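The lines below spell out each chain.
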Amino acid sequence: MCSLFRCCDVAFRGFVMMMLLLLLVLTTTIVRCDQIALTEQLPTVMVAVLVRNKAHTLPYFYSYLEELDYPKDRMSLWIRSDHNEDRSIEITKAWLKRTSSMYHSVDFKYRTEQGKRESEKTNTHWNEERFSDVIRLKQEALQTARTMWADFIFFLDADVFLTNSNTLNNLIDRKLPIVAPMLVSDGLYSNFWCGMTTDYYYQRTDDYKKILNYDQVGQWPVPMVHTAVLVSLTISQTRQLTFERKNLPSGRYDGPVDDIIIFAMSANYSGIPMYVCNELLYGYIMVPLEAGETVEGKDLEQLTNVLSYIVNEYGELKLKQDLSRFVPDVPKDKLSLSHIYMINLDRRTERRMKMLKHFDLLGLDVEHFPAVDGKQLSDKKVHDMGIRFLPGYADPFHKRPMTMGEIGCFLSHYNIWERMVRLNQQEVLVLEDDIRFEPFFRRRAYGVLADARRIGGWDLIYFGRKRLQEEDEKWIEGSEYLVKAGYSYWTLGYIISLEGAKKLLREQPLGKLLPVDEYLPIMFDNHPNDSWAGHFRDRTLNAWSAAPLLLYPTHYTGDDGYISDTEDSARIDGTLPTIGTGKGGTGLVNNDTRDGAQIQPSEPKKGDKEQLPNAPALLADSGIGQGEHDLETKNRRSEL
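Small disclaimer: the values here were computed from a predicted structure and weren't measured.

Reading guide: rules and limits
- Residues numbered from 1 in each chain as written.
- Predicted model: local features only at pLDDT ≥ 70, side-chain atom pairs only at ≥ 80, totals over all residues.
- Heavy atoms only, no water.
- Helix = DSSP H or I, 4+ residues; strand = E, 2+ residues; numbered from the N terminus.
- Buried < 20%, exposed > 50% of the residue type's maximum accessible area, 1.4 Å probe, protein only.
- Contact = heavy atoms within 4.5 Å.
- Areas by Shrake-Rupley, 256 points an atom, 1.4 Å probe, with all protein chains shown as cover.
- Salt bridge = Lys/Arg side-chain N within 4 Å of Asp/Glu carboxyl O.
- Pairing = 2+ DSSP bridges.
- Axes fitted to C-alpha atoms, helices over the stretch in contact; angles between N-to-C directions.
- pLDDT = per-residue confidence, 0-100.
- Right-handed = clockwise from strand over helix to strand, strands pointing away.
- Polar contact = N/O pair within 3.5 Å; in protein donor to acceptor, adjacent residues only side chain to side chain.
- Core = buried A, V, L, I, M, F, W, Y, C linked by side-chain atoms within 4.5 Å.

### Section: the overall build of the chain
Within the chain, the regular secondary structure consists of 16 helices and 24 strands. Looking at the chain as a whole, 55% of its 640 residues qualify as buried. Residue pairs at least 24 apart in sequence account for 79% of intrachain contacts in the chain once pairs closer than 6 positions are excluded. Working note: accessible area of the chain is about 28700 Å², and carbon and sulfur atoms make up 51% of it.

### A closer look at helix α2 (residues 58–67)
The element α2 is largely enclosed, with a buried count of nine among its ten residues. Among the residues of α2, L58, P59, Y60, F61, Y62, S63, Y64, L65 and E66 are the ones counted as buried.

### A look at the environment of N213
Relative to the elements of secondary structure, N213 occurs in the loop between α6 (206–212) and β11 (219–222). C-alpha separation for the pair N213 and L188, spaced 25 residues apart in sequence, amounts to 9.3 Å.

### Structural notes on the pattern of salt bridges
On inspection of all chains with the given rule, the structure shows 33 salt bridges. A salt bridge links D159 to K54, with the nearest nitrogen and oxygen atoms 3.1 Å apart. Of this pair, D159 sits in the loop between β6 (152–156) and β7 (160–161) while K54 sits in the loop between β3 (45–51) and α2, and the two are 105 residues apart along the sequence. Across the pair, K54 and D159 agree in class, each one buried. Between R465 and E473 there is a salt bridge; the shortest N-O distance is 2.5 Å. In this pair, the class of R465 matches that of E473, namely buried. Overlapping salt bridges bring together E66, R98 and D322 as one network.

### Focus: the sheet that holds strand β14 (residues 274–277)
What the eight strands build is an open sheet, ordered β5-β4-β3-β6-β13-β8-β14-β11; its pairing is mixed. Either end of the sheet is taken by a strand with one partner, and the two such strands are β5 (105–110) and β11. Mean inter-strand twist for the sheet, computed between neighbouring axes without regard to direction, equals 20°. Pairing between β3 and strand β4 (residues 75–81): seven bridges, direction parallel. When the bridges of β4 are listed, V45 appears paired with M75. Here helix α7 (residues 259–269) sits on the sheet and contacts β8 (178–181), β13 (228–232) and β14; the angle it forms with β14, its principal contact strand, is near 115°.

### Description of the confidence of the model for the chain
Residues with a pLDDT of 70 or more make up 81% of the chain, whose mean pLDDT is 84. Here residues 1–13 is modelled with pLDDT under 50, and outside its nearest four sequence neighbours on either side it reaches zero contacts, counting other chains as well. Note that residues 15–28 has pLDDT below 50 and, in this model, twelve contacts with residues that lie over four places away or in other chains.

### Some words on the pairing of β5
Pairing geometry for β4 and β5, over six bridges, is parallel. Looking across to β5, one finds that R80 is bridged to K109. Read from β4 through helix α3 (residues 88–99) to β5, the crossover connection turns out right-handed.

### Looking at the side chain of H339
Along the chain, the position of H339 falls in strand β16 (residues 339–344). A polar side-chain atom of H339 sits 2.6 Å from a polar atom in the side chain of E367. With sequence-adjacent residues up to four places away left out, H339 is seen in contact with K334, E367, Q425, E427, V428 and L429.

### Details of the sheet that holds β7
Strand-to-strand pairing in sheets goes through backbone hydrogen bonds, with the strands running parallel or antiparallel. Spatially, β7-β15-β9 is the arrangement adopted by the three strands of the open sheet, whose pairing is mixed. The open sheet is flanked by β7 and β9 (183–184), the only strands paired with a single partner. For β9 and strand β15 (residues 283–285), the ladder comprises two bridges, and the chain directions are parallel. Residue pairing across strands places V184 opposite Y284, the latter belonging to β15. Contacting β7 and β15, helix α8 (residues 295–314) crosses the sheet at an angle of about 170° to β15.

### Describing the environment of H56
By secondary structure assignment, the location of H56 is in the loop between β3 and α2. Note on H56: relative accessible area 12%, which makes it buried. Put simply, H56 and E296 are 240 residues apart on the chain and 9.4 Å apart in space, counted from C-alpha to C-alpha. Beyond its immediate chain neighbours, meaning those up to four positions away, H56 contacts M286, V295, D299, L300 and L303. At 2.6 Å, the side chain of H56 forms a polar contact with the side chain of D299.

### As for the nonpolar core
The biggest cluster of nonpolar side chains holds 57 residues, and the ones touching the most others in it are V47, Y62, L65, F154, L156 and F161. When residues no more than four places from it in sequence are discounted, the contact partners of F161 are T57, Y60, F61, Y64, Y282, G283, Y284, M286, L303, V306 and I310.

What follows is the structure, encoded as structure tokens:
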């Protein structure tokens, strides 16, 4: 009998241990009591979401919400939707059909009437009736969370993408009464204010950009947070929080009927601090539409911008399979050009896949052009190809000869120029595979092309580069988007005309090789080294540059994840022939950099994250240079 009880006891203890391990996965705190390990469950969270005309963002919004690394049986969903003119309700139903059983509870209510309210001029028009409805719904959400004894309520707009799956855990761990994860947009807009005027509107401060640009990192007390806000309901003072003006202390508030402002003032009057946290990259936010702007116009462009940021950062987009059917394919074209090439090493599949995702988002029809791989080159192969090096060349910054990667890079561009001539391609966009596209890329590219074609006479237009001259570059007369290119590095992306390709080929650069981003400035006669330039006779390439630039590198030297297939490759060893050696000569060139041309190198800059200081403000309608906020009551936009 004793043996039997011992066996049962062992089995029972094994079962208990297994259950404790399972609970440990779903909890964070272990409490020891008389040698027994007890576990404390994570706090309960009610997520409150208001939805209106968000069919274009909801597939991504719900995908990232589902990806949050927080036990779903500790989360409740409270969703309201009305006055839709799209498939918002259908998408929400489809997602909840699959996921609702995973959550502690789901409360989804919607109104089926379609179209805007009678009092609204457009679906982006904010009038008193609309504000009143949003205030009523948010107050209802707050009261529901209190009634169900939720530990937290997380107000979340339907055009927020929480790409960091640890967002909710991290915010709860802050142990703050009200905290917002700082969100990134395609401009200076975010989900917090650092200053508020006496009449309760946004006030610009120096701290705003410091926080937004991560110049100061941590958790910061601010007068306003919105759009993604976590509120701790276990703090007794939060019982005084409200969205309704009538619930504020009598006689204290004379401001607008505005949900986020009333909420912020109720926190202020209750002595509850609000914080924004930027310790992590939590996610992204869409800039609210102005009155009169449309989803089909600017909002879809903004969505493309934000999704491109996500691809740059993470290499992929989270999109659940059952929601992907609600995301339409973007039709592709060549931006009215003859062709678009992307130079990419076959072995760099991760870069290629990332770029293909960008092309899908931007609707670009691009041909993958296999790059010449410097790792597969040797002195003999280079010699057999007839390549000769420019006498006295030495890298201006590193005082070294060319690398095999630089040779492969030049040959990759050279091969495209040759193909252009062979196929009679009139205008071609050449892209490298380590680039990020600036916001509103398509619209801006068409603007550059329209100017260039109207003015005429160009051979090459930089879309992305590194400026090496400090002085201002002259604007092309009659253009809003183009400047005369000065001495520049990088070949991230450029448009080249057929005549431009012919000019670059006529100089037979393989017989006096140097890096391609040195060759181009020589050919448009804007290179500081006269001894190098003197080897090239027809330096008449007419090179312009987009201003502001349309492309930037994904990484700069020293950044995490920076990889250079030109720098990180073998160098030529000094035994390759140079120009000026006949058959009877030794055929050797001394590439000892100490004997290179006498150059006065400038200090290399990480630079050109900045734009031209005198760039015109004419791109403002594209969202470029957009101010942080424009939150007067008549222009306030939100999720419902």
